[in-house]
Amino acid sequence: MDTDDKLIVSKAFDTVSIAERQYICKTMGFLNPHQAAVVRREISRKIPSDIGVEFYGGYKDAERCLFICFPEYLEPDYDSIISVLEITARDIDKMSHRDYLGSLMGLGIKRENIGDILPLEDRCYIFTKSDISGYIIDNLLKIGRHGVKICKRSLSEITVPEKKTEQVRTTVSSLRLDCILSGALNMSRGRAAELIRAEKVQVNFETADSISKILSPDDLVSVRNFGRFKVAEIGGLTRKGRYGIIIEKFI
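Broken down by element type, the protein chain carries 7 helices and 15 strands. The C-alpha extent of the protein chain, read off along each of the three principal axes, is 65 × 50 × 35 Å. Looking at the protein chain residue by residue over its 251 residues, the buried ones come to 41%. Partitioning the intrachain contacts of the protein chain with sequence separation of at least 6 by distance along the chain shows that 59% fall at a separation of at least 24.

See below:
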């Protein structure tokens with residue numbers, strides 16, 4: 001682990017410790033997918049038996065998630081932990097993710113306090129830690145040069161569109177990373193191996209360190225400049241000794 005990852009893991013253990021000692025629900029800031037993967041890996045076998053943990057960002061499949069720790073008898077109140085702010089404006093179609101994030105950072109808000117930002121056709125949803133939502137409502141008056149209106153919604157009120165995917169069916173000679181990458185992206189195994197060795201490939205948000213890593217169903221693969229795909233299904237062997245697989249590519 002690098003220094004940043006070690007710091008995140010240390011904070012995660014502190015969060016678990018506080019929840020255990022004080023018998024409260026305790027969270028740490030929103031984690032990006034890589035940070036969440038590191039925390040999952042490092043603490044999975046070290047959680048006290050009476051402490052529950054969750055990674056939750058306000059909706060299913062959120063990319064940025066809070067690490068939430070709580071005594072097992074205590075059900076987290078998610079609406080008191082995460083707020084979703086709905087932004088509307090006359091020219092909202094001219095605003096990008098970068099515009100929203102830049103305006104929030106301009107208020108002096110740390111990135112760890114902001115979860116996913118979801119620009120939609122006629123509105124934008126911003127997920128935040130609940131304790132800063134009032135500050136944002138009072139102070140975020142413009143996104144760039146455009147005036148905006150903000151209202152707070154409960155998590156149950158909103159509907160987040162599912163991510164669009166397309167299925168690719170292919171066969172591979174092996175379940176190794178380089179083979180599946182080759183089949184999913186329609187490139188040679190040599191080219192796939194080059195991308196892996198150049199550290200441009202992540203599996204479940206951690207940099208792949210071996211071309212021979214074996215993939216399993218639900219593994220998520222991210223390739224710099226090529227996007228992401230999930231191993232949706234691995235079938236049996238064909239008559240020619242190849243595996244039939246289904247890939248879900250995010251579009």
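On to the packing of helix α6 (residues 177–185) against helix α7 (residues 189–197), then. Viewed as axis vectors pointing N to C, α6 and α7 meet at an angle of 115°, and their least axial separation amounts to 8 Å. In this structure, α6 meets α7 at a crossing whose hand is right-handed. Facing α6, whose interface residues are Leu177, Asp178, Cys179, Leu181 and Ser182, α7 presents Arg189, Ala192 and Ile196. Within the contact of α6 with α7, the residues separate by chemical class into 5 nonpolar, 1 polar and 2 charged.

Attention shifts here to a nonpolar patch on the surface. Together, Tyr23, Tyr73 and Leu74 line one region of the surface with nonpolar side chains, adding up to about 370 Å² of accessible area. Secondary-structure assignment places leucine 74 in the loop between β3 (65–71) and α3 (78–81).

The subject of this paragraph is the confidence of the model for the protein chain. For the protein chain, mean pLDDT is 93; residues scoring 70 or higher make up 100% of the total. By mean pLDDT, the top-scoring element of the protein chain is strand β6 (residues 124–129) (97), and the lowest-scoring one is strand β12 (residues 206–207) (88).

Cut-offs and rules
- Residues numbered from 1 in each chain as written.
- Predicted model: local features only at pLDDT ≥ 70, side-chain atom pairs only at ≥ 80, totals over all residues.
- Heavy atoms only, no water.
- Helix = DSSP H or I, 4+ residues; strand = E, 2+ residues; numbered from the N terminus.
- Buried < 20%, exposed > 50% of the residue type's maximum accessible area, 1.4 Å probe, protein only.
- Contact = heavy atoms within 4.5 Å.
- Axes fitted to C-alpha atoms, helices over the stretch in contact; angles between N-to-C directions.
- Left-handed = near helix turned anticlockwise from the far one by under 90°.
- Nonpolar A, V, L, I, M, F, W, Y, C, P; charged D, E, K, R; others polar.
- Patch = residues over 30% accessible without salt bridge, like charges linked within 9 Å, V, L, I, M, F, W, Y side chains within 5 Å.
- Areas by Shrake-Rupley, 256 points an atom, 1.4 Å probe, with all protein chains shown as cover.
- Salt bridge = Lys/Arg side-chain N within 4 Å of Asp/Glu carboxyl O.
- pLDDT = per-residue confidence, 0-100.

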